[in-house]
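# Results of the structural survey
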Amino acid sequence: QLYRRWTEFLAGSPVQRGCGVSFYGDTEDPSGCLLELSLGKFRNVLLNQTNPVEAVIRNIASNVTVIIFQVHSQQSDVVISFDKNPSTNSSGTGVDRGLISILRPQQTVCTWYLRSLDANQVLSTAISMPYMEKDPIPGGCNLEFDLEVDPNIYLDYTLVDVRIKFAPANLGYMRGANPPSCDSGTGQNSRWRLRYDVYQYFLPENNLSEMVLMSHLRKMSEVQSIKANGVKMLTVTSDDKTDVYFSSLPGQGVIYNVIVWDPLWNTSAAYVPVHTYACSFADLVDNCSSLSKLSTKIFFTALAVLGLFTCFFGHRFWKTDLFFMGFIVTGFFFFVFITRVTSLGYDVRLVLTAVAGITGGILLVASWWRFGSVLLCMLIIGLVLGFLFSSMVFFTPLGDYRVFRDDVVFWVTFSSVALMIPVLFVGCPRILNILACGIVGSYSVVLAIACYVYTSLAYIALDLLRRILNDYFSRAYTNVPFQTNDFIVLAVWLMLALSGVTVQLRRERSEVPFPPHPYLTWKRERERRSTNVLDPSHHIPPLRERIHGKLLQIKELFQKEQPAGERTPLLL
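Quick caveat: nothing in here was measured; it's all calculated off a predicted structure.

Let's shift gears to the overall build of the protein chain. Helices and strands together make up the secondary structure of the protein chain, namely 13 helices and 19 strands. Across the 572 residues that make up the protein chain, the buried fraction comes to 47%. Taking all contacts inside the protein chain whose residues are at least 6 apart in sequence as the whole, residues at least 24 apart take part in 75%. With an accessible surface of roughly 29300 Å², the protein chain has 61% of that area assigned to carbon and sulfur atoms.

Set out below in structure tokens:
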């Protein structure tokens, strides 16, 4: 009872128990399973598996021709049907499901039945939306799904993308009339004139509460509310396929809905909204509450420590800077390669990526020591900064433009933007290196934060990786939320980047731009020691003799000390 009262208080509306007692002014039903509804009003209800709830609407106005009844729960499937004994063609099952009732002349009462598939009680919210004779009918030309008229949006997700699919709508008509033909023609007097606007709405970040979901679903159920709160992603015509792809955001709640619009009558109707967190609540490992693996946290935390050091001291400690950049380049491309060509587990791939990154960092430092080419090193560092900058550009709404659905256009544009950075700074490599240290090093801290707290800024790099690894990710819209956590993390990123760049510019302004050639310096020192007999270093023993001497010293530590004095008896 305390739980029900608390949920009532949070939701701002009474919670009707599935069978038995109701609270706060609701009339107790003698049969125990009756839910009285009003058009356009939400009701929270607790459903169970054994006793179906009968939902009833009475006194329906004569100008109402269609009613869409829908029910939503967070994670447990709910069955909604026209009959007590549901059949395939008269029911729907899911967390977001609805049925559409075409009203007969003089009909004033509608009835539906609800029950859950879970043995425990399931909190759900129900609403019925009325539409008039000139309003289009969502799902009225369904040829794919089980229901004859299907107003539902069907959602599937993977770790990469989310797919929503819906049935085409039909034109509205008055009570008792025959529905317009779905395939009678493609002119302005047919359903082909209809347009479909797809909307997206983000729930608060890091919030998996049932009541939060229920309250926000109300903002995405009615046409005017959807337009006021949702973000319009695209418009689909009757000539297009009625399925849309979005990038997957595991752990982030998202609500989708579609508004069908009749341009001739300027009327609209909304489908049944659907939500997803792109993760499972039931899994014991990698569920919605704990998405980041331990290996991911260790990898990016270690990378963030090195990146934070590089952010403030990268140019002074030049070889550490080279190791950091070489690690990023080699690790990134190696991870892409083994993911493409092997089926190894994620943890194994991450360990191999770390080994490859360390090897790549050492090789870049070794190439600098042997060849001393500032141009080569700055080309690699400039490309790292350029790739991050180009990813930031396509992270904006610019990346969702239809022209970039084409892979050739996308990669040519992406590469051009990335190459622009080293080209612009070719005359001032020190400034380029300091900028790369500050921006790239501080972004590694952002990636580490994303392992513990959700932030959309991690998708700057993750969306690029998805585009490389998945051939069909180009069709997905990559819009992400930008809420309180993201503003805080963005402020931290900007603060670290600006501080790191400022500190290094002030400290290095009176120093030489880059260290001298290491190999030539070592070679000159060796020649000087070999010719100058007055140099103390000239008399240093060879390396082999020094190692042999150290081993003898270690060996002496384990030898038993011999007693001093005469071993034979003294003669008198």
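Resuming the write-up.
When the UniProt feature table is mapped to this numbering, "transmembrane region" (unreviewed entry) covers residues 298–315, 322–342, 348–369, 376–396, 408–427, 434–462 and 487–505. The span residues 322–342 carries 95% helix and 0% strand; its end-to-end C-alpha distance comes to 29 Å. Secondary structure over residues 434–462 splits into 72% helix and 0% strand, and the C-alpha atoms at its two ends are 24 Å apart.

Here Asn-142 shows up in the loop between strand E10 (122–131) and strand E11 (153–157). For the pair Asn-142 and Cys-182, spaced 40 residues apart in the sequence, the C-alpha separation amounts to 9.1 Å. Excluding anything up to four places from it in sequence, Asn-142 contacts Leu-147, Glu-148, Asp-150, Ala-167 and Pro-168. Within the structure, the side chain of Asn-142 is placed 2.4 Å from the backbone oxygen of Leu-147, a separation counted as a polar contact.

Our next topic: the sheet that holds strand E15 (residues 243–247). The sheet built from four strands is open, its strands ordered E11-E12-E15-E19 with mixed pairing. Pairing within the sheet leaves two strands with one partner each, and these edge strands are E11 and strand E19 (476–477). Across two bridges, E15 lies against E19 in parallel orientation. Paired with Phe-246 across the bridge in E19 is Tyr-477.

A word on the side chain of Asn-142. For Asn-142, a relative accessible area of 10% puts it in the buried group. In terms of polar contacts, Asn-142 uses its side chain to reach the backbone amide nitrogen of Glu-144, at 3.1 Å.

If you walk across this open sheet you meet the five strands as E2-E4-E9-E6-E7, and the pairing is mixed. Two strands in the sheet have a free side with no partner beyond their single neighbour: strand E2 (34–37) and strand E7 (91–94). Put simply, the sheet's adjacent strands are angled 20 degrees from each other on average, direction ignored. Inspection of the sheet shows strand E4 (residues 53–57) paired to strand E9 (residues 110–116) by five bridges, in the antiparallel sense. Each bridged residue has a counterpart across the sheet, and for Ala-55 the counterpart in E9 is Trp-112.

Our next topic: helix H6 (residues 346–371). Compared with the 38 Å implied by 1.5 Å per residue over 26 residues, the 37 Å span of H6 between its first and last C-alpha is a close match. Within H6, burial applies to Arg-349, Leu-350, Thr-353, Ala-356, Gly-357, Gly-360, Gly-361, Leu-364, Val-365, Ser-367 and Trp-368. Just past H6, the residue Gly-372 takes up positive phi, approximately 65 degrees.

Each pair of aromatic rings is reported with the distance of its centres and the angle of its planes. This structure, assessed with the given rule, holds 28 aromatic pairs. When the centroid spacing of 5.5 Å and the interplanar angle of 50 degrees are considered together, the rings of Phe-166 and Tyr-196 count as tilted. Of the two residues, Phe-166 sits in strand E12 (residues 161–166) while Tyr-196 sits in strand E13 (residues 195–202), which places them 30 residues apart along the sequence. Across this residue pair, the class does not change: Phe-166 and Tyr-196 are buried. An angle of 85 degrees between the planes, with centres 4.9 Å apart, marks the rings of Phe-482 and Phe-487 as edge-to-face. One aromatic cluster is present, formed by Phe-387, Phe-394, Phe-404, Phe-410, Trp-411 and Phe-414 through successive ring pairs. Over the face of the ring belonging to Tyr-519 we find Arg-370, whose NZ or CZ atom lies 4.1 Å from the ring centre.

So, about the packing of helix H4 (residues 294–313) against helix H9 (residues 429–450). For the pair H4 and H9, interaxial distance at closest approach is 8 Å and the crossing angle is 155 degrees. Considering their axes alone, H4 and H9 lie roughly antiparallel with respect to each other. As for how H4 packs across H9, the hand of that crossing is left-handed. Residue-level inspection shows Phe-300, Thr-301, Leu-303, Ala-304, Gly-307, Leu-308, Thr-310 and Cys-311 of H4 in contact with H9, the latter providing Cys-437, Gly-438, Gly-441, Ser-442, Ser-444, Val-445, Leu-447 and Ala-448. Residues belonging to the contact of H4 with H9 are distributed by class as follows: nine nonpolar, seven polar and no charged.

A few words now on the state of the cysteines. Applying the stated criterion to the full structure yields two disulfides. Residue pairing for Cys-141: its cysteine sulfur links by disulfide to Cys-182, the two sulfurs lying 2.0 Å apart. One disulfide, between Cys-141 and Cys-182, carries an S-S torsion of -90 degrees and so falls in the left-handed class. On the criterion of sequence distance, the pair formed by Cys-141 in the loop between E10 and E11 and Cys-182 in the loop between E12 and E13 is long-range, its members being 41 residues apart. Assigned by exposure class, Cys-141 and Cys-182 land together as buried.

Within the element layout of this structure, Ser-247 appears in strand E15. Judged by relative accessible area, which is 2%, Ser-247 ranks as buried. Beyond its immediate sequence surroundings of up to four residues, Ser-247 is in contact with Val-160, Asp-161, Val-162, Arg-466, Phe-473, Ala-476, Tyr-477, Thr-478 and Asn-479.

Before going further, it helps to examine unusual backbone geometry. In this structure, Asn-59 is a non-glycine residue whose phi angle is positive, near 55 degrees. Here the phi dihedral of Asn-206 falls at roughly 55 degrees; this positive angle occurs in a residue that is not glycine. In this structure, Asn-206 sits in the loop between E13 and helix H2 (210–217).

Before going further, it helps to examine a nonpolar patch on the surface. On the surface, a nonpolar cluster with roughly 330 Å² of combined accessible area is contributed by Leu-398, Tyr-401, Val-403 and Val-409. Positionally, Leu-398 belongs in the loop between helix H7 (374–395) and helix H8 (407–424).

Criteria and thresholds
- Residues numbered from 1 in each chain as written.
- Predicted model: local features only at pLDDT ≥ 70, side-chain atom pairs only at ≥ 80, totals over all residues.
- Heavy atoms only, no water.
- Helix = DSSP H or I, 4+ residues; strand = E, 2+ residues; numbered from the N terminus.
- Buried < 20%, exposed > 50% of the residue type's maximum accessible area, 1.4 Å probe, protein only.
- Contact = heavy atoms within 4.5 Å.
- Areas by Shrake-Rupley, 256 points an atom, 1.4 Å probe, with all protein chains shown as cover.
- UniProt positions renumbered as here; feature names shortened; annotations may be inferred.
- Polar contact = N/O pair within 3.5 Å; in protein donor to acceptor, adjacent residues only side chain to side chain.
- Pairing = 2+ DSSP bridges.
- Axes fitted to C-alpha atoms, helices over the stretch in contact; angles between N-to-C directions.
- Expected span 1.5 Å × (residues − 1).
- Phe/Tyr/Trp six-rings, centres within 6.5 Å; stacked < 30°, edge-to-face > 60°.
- Lys NZ or Arg CZ within 6 Å of the ring centre and 35° of its normal.
- Parallel < 35°, antiparallel > 145°, perpendicular 65-115°, else oblique.
- Left-handed = near helix turned anticlockwise from the far one by under 90°.
- Nonpolar A, V, L, I, M, F, W, Y, C, P; charged D, E, K, R; others polar.
- Disulfide = S-S within 2.5 Å.
- Patch = residues over 30% accessible without salt bridge, like charges linked within 9 Å, V, L, I, M, F, W, Y side chains within 5 Å.
- Salt bridge = Lys/Arg side-chain N within 4 Å of Asp/Glu carboxyl O.

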